[in-house]
Number of protein chains: 4
Amino acid sequence: MKKLLFLVLMALPFLSYAQTKPYLTLADAERITAAAEAKAKAEGWNVVIAILDDGGHLISLKRMDGVQIGSIEVAQAKAKSAVYFKRSSKVFEDAMKTEGGSKIATLPSAVGVEGGLPIFKDGIIVGSIGISGVTSAQDGIIAEAGVKGY
Amino acid sequence: MKKLLFLVLMALPFLSYAQTKPYLTLADAERITAAAEAKAKAEGWNVVIAILDDGGHLISLKRMDGVQIGSIEVAQAKAKSAVYFKRSSKVFEDAMKTEGGSKIATLPSAVGVEGGLPIFKDGIIVGSIGISGVTSAQDGIIAEAGVKGY
Amino acid sequence: MKKLLFLVLMALPFLSYAQTKPYLTLADAERITAAAEAKAKAEGWNVVIAILDDGGHLISLKRMDGVQIGSIEVAQAKAKSAVYFKRSSKVFEDAMKTEGGSKIATLPSAVGVEGGLPIFKDGIIVGSIGISGVTSAQDGIIAEAGVKGY
Amino acid sequence: MKKLLFLVLMALPFLSYAQTKPYLTLADAERITAAAEAKAKAEGWNVVIAILDDGGHLISLKRMDGVQIGSIEVAQAKAKSAVYFKRSSKVFEDAMKTEGGSKIATLPSAVGVEGGLPIFKDGIIVGSIGISGVTSAQDGIIAEAGVKGY
């Protein structure tokens, strides 16, 4: 009887877990942002750092001094593309180099410039990071540093 | 030792649960839609039924025959307002009747017409339903029938 | 003479009847969706299925569990392109592979990625289907299965 | 004569310096945000805190856990209204209570809900703060705490 109760109690959270999903907290977003910012400062690169949740909504954004204002939207667009399509915006950038690859430009919310990375937890998408301000390859390096900070 | 293992195992799912949130599946959305549609048919009302997830993104939409095409956007807008602001769009409708209540019209994504209801699980928002096609009071009745079907 | 007048008057409603167009009902959309969903499930592919009317407006949309949220917009965009231009979005995808084909990206509402198909009845366009979630070739297979279900 | 020329040449840079405007740095924005967040935490209120520059562009945004996602847009809209019109969004809220005050809703970028405040330095506008998440009066209290932190 005790064993049965034990098994039932053990199973409950897992049943519940089956209909739940992980998510990013503000503390997570700040840790990711700090890691990205540290890398940016170490390289002397000024950028916008945007962190989105799994629905593509801003959790935090930080614009370092002197960054072009266009990068505010670009960072968010890269991050949106990453979480909307569960893939790095570099995947689209590479695809756009292939024959007929300009078709990517006809997909709503897809951005074909490196610097947007999805963020996963246990294989489930929880959000994304978007960087803009330097070259797209450099933006990508900062984005990766951010994800590693998660 | 056994007891310690038991406690640790018991705690793990709850720790995990602390960083997870419930969500709507397509099966949930279809059950909610069926309940709303049954009520609409019983009343002889033709409507659009939109179900959104917790990020405000469509899980399903169904437009009954003969409904004005404007209701496609309206149903989605009501549902978006409900999940974005965690409250019935009727709350905004009522607020707009008070002195200076037209200020609601200046809030992005807020809709002040009945027919949008948030959907909660264990106190956590998981999505919303939006109805449009008949009078807003009737839309609200169908929306409620839908939520009860969850 | 009287008889002739009688015949002419009798014919009028039929002439008037000639000024109608066929259209998709919700029942049609659901049958098309079911055929597409059956194919998707048989292949183990999770997708968004959007059905539009001849004005490019949603009749129904269904998002299977786990599909990237970007596919919600993409499925609708492919379907819109198909009904707006009365051709498969694959026609534009192929055109974009030719020299200067990126010009397609400058056409409002045109999408150059397979997965959007127009739906005809007796040579008249009545709507479209849009699929997104797997590869564009796979999306196209599901779209075709849907049209066959009409 | 030589001495006069010398003095004129010396003065030029200062004349030129007079043609600058003060602006918010990221450090300023973070100090303002910290002051607002401290007040919000002290009251147990969860909000979105948006800081804009003098062009209405985001310098930083922070969303505390559990805040309705609609507040992300609303906080930015309030801040935009404050910097676009160099006045508190409460001024518009009050105006909307007067006869015909709903006209404010027809002004692009104007928001008539408390919680958006312009930020001035030496009488020159340098940016704004926008708060959303609790009641508009409470949002206003947090916004004021933020400005005081500047």
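Residues numbered from 1 in each chain as written. Chains lettered and ligands numbered in written order. Predicted model: local features only at pLDDT ≥ 70, side-chain atom pairs only at ≥ 80, totals over all residues. Heavy atoms only, no water.

As annotated in an unreviewed UniProt entry, chain A carries the name Heme-binding protein and is attributed to Algoriphagus lacus.

### Considerations on the overall build of chain A
Applied cut-off: Numbering goes from the N terminus for both helices and strands, where a helix is a DSSP run of H or I of at least four residues and a strand is a run of E of at least two. The buried label goes to any residue with under 20% of its type's maximum accessible area, the exposed label to any with over 50%, and the partly exposed label to all in between, with areas taken from a 1.4 Å probe on protein chains only. Shrake-Rupley sampling with a 1.4 Å probe provides the accessible areas, and residues are treated as covered by the protein chains on show and by no other component.
Of regular secondary structure, chain A possesses 5 helices and 5 strands. Each helix and strand of chain A, ordered N terminal to C terminal, gives the series α-β-α-β-β-α-α-β-β-α. Relative to its full complement of 150 residues, chain A shows a buried share of 53%. Summed over all atoms, the accessible surface of chain A reaches about 6500 Å², with 61% contributed by carbon and sulfur.

### With respect to the relation of the copies chain C and chain B
Short version of the rule: Least squares is the method used to superpose the copies, on C-alpha atoms of residues holding a pLDDT of at least 70 in both. Every residue pair with non-hydrogen atoms within 4.5 Å of one another is taken to be in contact.
For the match of chain C to chain B, the screw axis carries a shift of 0.2 Å, the RMSD comes to 0.2 Å, and the turn is 180°. Classification of the inter-copy transformation places it as that of a two-fold axis. Of every C-alpha in chain C, the one belonging to C:Leu61 sits nearest the axis of rotation, 2.5 Å from it. The fraction of interface residues of chain C whose copies in chain B are also interface residues reaches 100%, indicating that both copies meet through the same surface.

### Notes on the sheet that holds strand E1 (residues 48-53) of chain C
Rules: Pairing between strands is defined by DSSP: at least two bridges between the two strands are required. A fitted line through C-alpha atoms represents every axis, and for helices the fit uses only the stretch in contact; the resulting angles, taken between N-to-C directions, go from 0 to 180 degrees.
Read from one edge of the open sheet, 8 strands run E4(B)-E5(B)-E2(B)-E3(B)-E2(C)-E1(C)-E4(C)-E3(C), paired in antiparallel fashion. Two strands close off the open sheet at either side, each with one partner strand: strand E4 (116-121) of chain B together with strand E3 (116-121) of chain C. Going from strand to strand, the sheet's axes swing by 15° on average, the running direction of each strand aside. Together, E4 and strand E5 (124-132) of chain B form the strand contacts of helix H5 (residues 136-148) of chain B, whose direction differs from that of E5(B) by roughly 140°.

### What about unusual backbone geometry?
The backbone phi angle of A:Lys86 is positive, close to 50°, even though this residue is not glycine. Residue A:Lys86 is classed as partly exposed on the basis of its relative accessible area of 33%.

### As for the packing of aromatic side chains
All names here are of chain B. Quick reminder of the rule: Pairing of aromatic side chains requires ring centres within 6.5 Å, counting the rings of Phe and Tyr and the six-membered ring of Trp. Pairs whose planes differ by under 30 degrees are stacked, by over 60 edge-to-face, and all others tilted.
Summed over all chains, the structure comprises 4 aromatic pairs over all chains. Centroid distance Phe 85 to Phe 92: 5.4 Å. Interplanar angle 85°. Geometry classified as edge-to-face. The burial state of Phe 85 is the same as that of Phe 92; both residues are buried.

### Re the interface of chain C and chain B
It is common to give the size of an interface as the accessible area that goes away when the parts come together. As a reminder of what qualifies: Buried area: the accessible surface (1.4 Å probe) lost by two parts on joining, summed over both. Note on definitions: salt bridges are taken to be side-chain nitrogens of Lys or Arg within 4 Å of carboxyl oxygens of Asp or Glu. Residues adjacent in sequence count toward polar contacts only when both atoms are side-chain atoms; beyond that, a polar contact is any pair of N or O atoms within 3.5 Å, and within protein one must be able to donate a hydrogen and the other to accept it.
In this complex, chain C contributes 17 residues to the contact, which on the side of chain B involves 17 residues. In this assembly, chain C packs against chain B so that about 1400 Å² is buried in total across both faces, 51% of it on carbon and sulfur atoms. The largest contributions to the chain C side of the interface with chain B come from C:Leu26, C:Leu58 and C:Arg63, which together make up 36% of the buried area. Across the chain C-chain B interface, the total number found is 4 salt bridges. Across the salt bridge formed by C:Lys62 and B:Glu30, the nearest N and O atoms sit 2.6 Å from each other. Remark: the boundary between chain C and chain B carries 13 residue pairs in polar contact (both at pLDDT 80 or more).

### A look at helix H2 (residues 26-43) of chain C
Residue and element names in this part refer to chain C. The line we're drawing: Expected span of a helix: the number of residues minus one, times 1.5 Å. An arc is given here, and it is the one of the directions from the helix axis to the C-beta atoms.
Relative to the 26 Å expected for 18 residues at 1.5 Å per residue, H2 spans 26 Å between its end C-alpha atoms, a close match to the ideal helical length. Those residues of H2 lying buried are Leu 26, Asp 28, Ala 29, Ile 32, Thr 33, Ala 36, Glu 37 and Ala 40. Take H2 and look down its axis: the buried residues cluster within an arc of 160°, on one side only. Turned more than 90 degrees away from the buried face of H2 sit Lys 41 and Ala 42, all of them exposed. The positive-phi residue at the C-terminal boundary of H2 is Gly 44, with phi of around 75°.

### Some details on the pairing of strand E5 (residues 124-132) of chain A
Residues and elements named next belong to chain A. E5 sits mainly inside the fold: 8 of its 9 residues count as buried. Examined bridge by bridge, strand E2 (residues 48-53) and E5 share 6 bridges and lie antiparallel to one another. The residue of E5 that forms the bridge with Asp 53 is Gly 127. Pairing of strand E4 (residues 116-121) with E5, which is carried by 6 bridges, proceeds in the antiparallel orientation. Bridging across to E5, Gly 116 finds its partner in Gly 130. Taking the residues that link successive antiparallel strands as the turn, the E4-E5 hairpin has 2 residues, and the phi of Asp 122 there is positive, at about 55°.

### Considerations on the sheet that holds E5(A)
Pairing within the open sheet is antiparallel, and its 8 strands lie in the order E4(A)-E5(A)-E2(A)-E3(A)-E2(D)-E1(D)-E4(D)-E3(D). The sheet is open, and its two edges are formed by E4 of chain A together with strand E3 (116-121) of chain D, each paired on a single side. Taking each pair of neighbouring strands and ignoring which way they run, the sheet shows an average axis angle of 15°. Of the strands in this sheet, E4 and E5 of chain A touch helix H5 (residues 136-148) of chain A, which is tilted by about 140° from E5(A).

### A word on the environment of A:Ala110
Residues and elements named next belong to chain A. For Ala 110, the position within the fold is in the loop between helix H4 (89-95) and E4. When its relative accessible area of 18% is taken as the criterion, Ala 110 is described as buried. Considering only alpha carbons, one finds Ala 110 and Phe 92, 18 residues apart in sequence, at a separation of 7.6 Å. For Ala 110, the contacting residues outside a window of four places in its chain are Ser 81, Phe 85, Phe 92 and Ile 104.

### Focus: the pattern of salt bridges
Side-chain pairing between opposite charges can occur once the charged atoms of the two side chains come close. Overall, the coordinates contain 44 salt bridges over all chains when judged by the stated rule. A salt bridge links A:Asp28 to A:Arg31, with the nearest nitrogen and oxygen atoms 3.0 Å apart. Of this pair, A:Asp28 and A:Arg31 both sit in helix H2 (residues 26-43), 3 residues apart, roughly one helical turn. Since its relative accessible area comes to 7%, A:Asp28 is described here as buried. A salt bridge links C:Asp53 to B:Arg63; the shortest N-O distance between them is 2.8 Å. Of the two residues, C:Asp53 sits in strand E1 while B:Arg63 sits in strand E3 (residues 58-63), which places them in two different chains.

### Some remarks on the side chain of C:Lys78
Positionally, C:Lys78 belongs in helix H3 (residues 70-85). Not counting chain neighbours up to four residues away, the residues in contact with C:Lys78 comprise C:Ser89, C:Val111, C:Val113, C:Glu114, C:Gly115, C:Gly116, C:Gly130, C:Ile131, C:Ser132 and C:Asp139.

### A look at the interface of chain A and chain D
We apply this condition: Residue classes follow a fixed rule: Ala, Val, Leu, Ile, Met, Phe, Trp, Tyr, Cys and Pro count as nonpolar, while Asp, Glu, Lys and Arg count as charged, and any other residue, Gly among them, counts as polar.
Of the residues lining the interface, 17 residues belong to chain A; the matching set on chain D comes to 17 residues. When the two sides are added together, the surface that chain A and chain D hide from each other amounts to roughly 1400 Å², 51% of it contributed by carbon and sulfur. The three residues of chain A that bury the most area against chain D are A:Leu26, A:Leu58 and A:Arg63, which together make up 36% of that side's buried surface. Viewed at the interface, chain D and chain A are joined by 13 residue pairs in polar contact (both at pLDDT 80 or more). Going through the elements one at a time, H2, strand E3 (58-63) and helix H3 (70-84) of chain A are the ones with two or more residues in the side of chain A that touches chain D. Per-element tally for the side of chain A that touches chain D: the top contributor is E3(A), with 6 residues. Counted by class, the side of chain A that touches chain D contains 7 nonpolar, 4 polar and 6 charged residues. Relative to strand E2 (residues 58-63) of chain D, E3(A) runs antiparallel, the two being bridged by 3 bridges. Bridged to A:Leu61 within E2(D) is D:Leu61.

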